[in-house]
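# Observations on the model geometry
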Amino acid sequence: MSVLLELGETGDIVIDLLVDFAPKACENFLKLCKMKYYNFSPIYSVQKNFSFQTGDPIGPDSTDTDGGTSIWGLLDGPSKRFFTPEFHPKLKHTERGTVSMATAPGNNPDERVSGSQFIITIGDELDFLDGKAAIFGKVVEGFDALEKINNAFCDNKGRPLKDIRIRHTIVLEDPFKDPKGLVEPTESPVPTKAQLATVRIGEDEDINENEDPEDAEKKRREREARAQALTLEMVGDLPFADVKPPENVLFVCKLNPVTQDEDLHLIFSRFGTILSCEVIRDKRTGDSLQYAFIEFEDQKACEQAYFKMQGVLIDDHRIHVDFSQSRNDDSIGKGTMGTALTTGAVETWTTFLMSRMFGKTNTPKKGMTGIKIVETRVTIRAKNGTEGKIQSEVEAVGGITGIEVGRGTRTGEAEAQDDIMIVTGMTDEGQEHIIIIGIV
């Protein structure tokens with residue numbers, strides 16, 4: 001009966017469970033691992049050559065933490081948050097790699113209770129823990145990972161300055177029957193907002209004591225921006241944290257409601273050939289939402305328009321131009337969508353994708369009699385494998401047998417499947433757009 005803990009760059013740890021001596025504690029640990037409860041849990045309370053602790057999904061430094069719960073509390077509610085672990089007289093903290101449940105006094109003075117937190121020793125002959133922590137397993141592989149944790153730079157509370165977390169838990173063997181209500185997740189859950197807020201220095205970043213304070217502050221802000229982007233991805237305000245719009249597309253906002261597509265096309269065409277120019281409108285009333293997307297054939301033309309048209313008066317309104325909805329000072333020309341994107345902006349981006357793939361509303365394409373926006377699910381997959389979903393509204397009208405998507409280096413294809421049509425488009429940056437359209 002074993003469990004594999006993946007700790008990212010720190011390494012992997014394999015724990016053998018002592019089910020004959022501590023069946024209750026082993027069952028609790030196995031089922032929490034099976035539920036992916038420990039995913040993204042930080043390592044904390046590191047005491048050199050003694051022990052470290054983990055198992056609180058958020059960590060003790062956060063005000064959002066409840067300290068963790070047992071599998072029965074997770075399934076049946078707070079009244080069963082704690083359980084009474086076994087203290088077998090033959091089990092002692094004599095060896096490095098001993099795994100035991102952290103305990104606290106219960107309602108009965110002679111009783112100690114546990115939840116989800118557990119301790120792994122990184123020293124020998126630690127009889128101080130006997131009777132205080134309930135042993136249920138031992139490390140059989142991954143002592144190099146224990147050594148890295150033992151030597152980690154920590155604050156005065158024993159929290160590593162460079163993040164060390166349980167990335168995944170893999171149950172290698174489980175002899176226990178699943179309790180009622182346990183449903184194993186099909187995939188690992190994404191970190192919660194509270195968990196992301198506790199990130200310090202990422203495991204892929206180096207600690208440099210001689211680093212210039214200005215550079216350190218810049219990196220800190222970048223880390224904070226990435227964390228915010230992940231948060232927006234989880235709540236649905238970003239399709240995925242690393243989303244990037246095409247580099248030849250200019251975003252224009254603060255427009256006068258009377259400004260038309262043709263007006264912008266005429267004004268911006270002096271910088272280069274324009275492939276598309278569209279003022280985004282309310283899909284019910286048709287009124288201008290006072291922003292637009294302009295796609296240039298050439299990226300340099302887009303950059304020139306950005307530098308020349310910032311703050312220019314058009315129809316008595318001083319416009320704002322950008323490469324996307326949000327940008328920091330270092331992203332000029334990179335086309336990096338920033339972290340201040342709202343749900344409305346996601347809808348806008350979807351509308352832009354739709355206009356690029358299908359043309360304007362009700363414009364016939366190959367094998368199509370018309371299209372109008374009603375409902376759509378858009379999945380965008382990035383090159384790093386992450387993906388996100390955008391929701392909008394689209395309805396295809398007529399008998400659809402195929403469609404031509406995009407122009408230039410953008411290509412796509414479609415196929416009809418009963419009452420849906422799947423349309424895919426691949427950009428020259430390697431991003432794939434998949435739109436599922438209901439056929440009526």
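Each chain has its residues counted from 1, following the order in which its sequence is written. Given that the model is predicted, a residue must reach a pLDDT of at least 70 before its local features are reported, and side-chain atom pairs must reach 80 or more before they are shown or counted; all residues, however, enter totals for whole chains, interfaces and linings. To get the side-chain values, all heavy atoms of the structure are used, and hydrogens and water are removed first.

Going by what an unreviewed UniProt entry lists, the protein chain is known as Peptidyl-prolyl cis-trans isomerase and is assigned to Discina gigas. UniProt positions are given in the numbering used here, feature names are shortened, and annotations may be inferred rather than shown by experiment. Here the protein chain is described in UniProt, under the heading Catalytic activity (unreviewed entry), as follows: "[protein]-peptidylproline (omega=180) = [protein]-peptidylproline (omega=0)". Entered under Sequence similarities (unreviewed entry) in the UniProt record, the comment concerning the protein chain runs "Belongs to the cyclophilin-type PPIase family. PPIL4 subfamily."

## Thoughts on the sheet that holds strand β13 (residues 249–253)
As summarised here, the arrangement of the 4 strands in space is β14-β15-β13-β18, forming an open sheet in which the pairing is antiparallel. The open sheet has two free edges, formed respectively by β14 (274–281) and β18 (320–322), since each of these has just one partner strand. Strand-to-strand twist of the sheet, defined as the mean angle between neighbouring strand axes without regard to direction, takes the value 20°. Being paired, for any two strands, means DSSP has found at least two bridges between them. Helix and strand definitions follow DSSP, with helices as H or I runs of at least four residues and strands as E runs of at least two, each counted in order from the N terminus. Across 3 bridges, the pairing between β13 and β18 is antiparallel. Residue Cys 253 lies in a different strand from β18, and its bridge partner there is His 320. Angles here are taken between N-to-C directions and fall from 0 to 180 degrees, while the axes themselves are lines fitted to C-alpha atoms, restricted in helices to the stretch in contact.

## Details of the nonpolar core
Formed by 37 residues in total, the largest nonpolar core has its most connected members in Ile 15, Leu 17, Phe 29, Phe 118 and Phe 136. Of all the secondary-structure elements, those providing two or more residues to this core are β1 (2–6), β2 (12–17), α1 (23–34), α2 (71–76), β6 (98–102), β9 (118–121), β10 (133–141) and α3 (143–150). The element best represented in this core is α1, accounting for 6 residues. Take the buried Ala, Val, Leu, Ile, Met, Phe, Trp, Tyr and Cys residues and link them wherever side-chain atoms come within 4.5 Å; each set so joined is a nonpolar core. Using a 1.4 Å probe on the protein chains alone, a residue whose accessible area is under 20% of its type maximum counts as buried, one over 50% counts as exposed, and one in between counts as partly exposed. Residues Val 252, Leu 255, Phe 271 and Tyr 306 belong to the second largest nonpolar core, which totals 21 residues.

## So, α3
When we look at burial in α3, the residues that qualify are Ala 145, Leu 146, Ile 149 and Asn 150. One face of α3 carries all of its buried residues, which in axial projection span an arc of 145°. Whether two residues are in contact is decided by their heavy atoms, any of which lying within 4.5 Å being enough. Residues of α3 that are buried make contact with β2, β4 (44–47), β5 (51–54), β9 and β10. Arc definition: directions from the helix axis to the C-beta atoms.

## Here's the deal with helix α6 (residues 261–268)
The complete set of buried residues in α6 reads Asp 261, Leu 264 and Phe 268. Buried residues along α6 cover an arc of 70° about the axis, so they all sit on one side. What points out from α6, more than 90 degrees from its buried face, is the exposed set Glu 262 and Leu 266. Residues of α6 that are buried make contact with β13, β14, β15 (288–296), α7 (299–309), β16 (313–314) and β18.

## Focus on the sheet that holds strand β12 (residues 168–171)
Taken together, 8 strands build an open sheet; the order of strands is β4-β5-β9-β6-β10-β2-β1-β12 and the sheet is antiparallel. Bordering the open sheet on either side are β4 and β12, each of which pairs with just one other strand. Averaged over neighbouring strand pairs, the angle between their axes works out to 25° when direction is ignored. One ladder, built from 5 bridges, connects β1 with β2; its direction is antiparallel. Of the residues in β2, the one forming a bridge with Leu 4 is Val 14. Packing of α1 onto the sheet brings it into contact with β1, β2, β6, β9, β10 and β12, and relative to β1 it is tilted by some 45°. In the packing of α3 onto the sheet, the strands contacted are β2, β4, β5, β9 and β10, and the crossing angle to β10 comes to about 115°.

## What about the side chain of Arg 159?
Assignment of secondary structure puts Arg 159 in the loop between α3 and β11 (165–166). Polar contact is defined as a pair of N or O atoms within 3.5 Å, subject to the rule that within protein one atom must be able to donate a hydrogen and the other to accept it, and that residues adjacent in sequence are counted only when both atoms are side-chain atoms. At a separation of 3.3 Å, a polar atom in the side chain of Arg 159 contacts the side chain of Asp 61. For Arg 159, the residues in contact, after removing those within four places along its chain, are Pro 42, Ile 43, Tyr 44, Asp 61, Phe 153, Cys 154, Arg 165, Thr 198 and Arg 200.

## Side note on the packing of aromatic side chains
The criterion for an aromatic pair is that two Phe, Tyr or Trp rings (for Trp, the six-membered ring) have centres within 6.5 Å, with stacked assigned to planes under 30 degrees apart, edge-to-face to planes over 60 apart and tilted to the rest. Under the definition given, this model contains 11 aromatic pairs. Aromatic side chains Phe 29 and Tyr 38 sit 5.7 Å apart centroid to centroid with 40° between the ring planes, which places their arrangement in the tilted category. Grouping residues by exposure puts Phe 29 and Tyr 38 together as buried. Linked through ring pairs, Phe 29, Tyr 37, Tyr 38, Phe 118 and Phe 136 together constitute an aromatic cluster.

## What about the pairing of β13?
When you tally the buried positions in β13, you get 5 out of 5 residues, the bulk of the element. Burial along β13 is two-sided: Val 249, Phe 251 and Cys 253 facing one way and Leu 250 and Val 252 facing the other are all buried. As defined by bridge partners, β13 adjoins β15 across 5 bridges and the pair is classed as antiparallel. Residue pairing for β15: Leu 250 is matched across the bridge by Ile 294.

## Observations concerning the pattern of salt bridges
Any Lys or Arg side-chain nitrogen located within 4 Å of an Asp or Glu carboxyl oxygen qualifies as a salt bridge. According to the stated counting rule, one finds 8 salt bridges in the structure shown. Between Asp 178 and Lys 31 there is a salt bridge, with its nearest N and O atoms 2.7 Å apart. Pair noted here: Asp 178 is in the loop between β12 and α4 (193–196) and Lys 31 is in helix α1, with a separation of 147 residues, a long-range link. By relative accessible area, Asp 178 is classed as partly exposed at 30%. We classify Lys 31 as buried; its relative accessible area is 0%. A salt bridge links Lys 34 to Asp 178; the shortest N-O distance between them is 2.9 Å.

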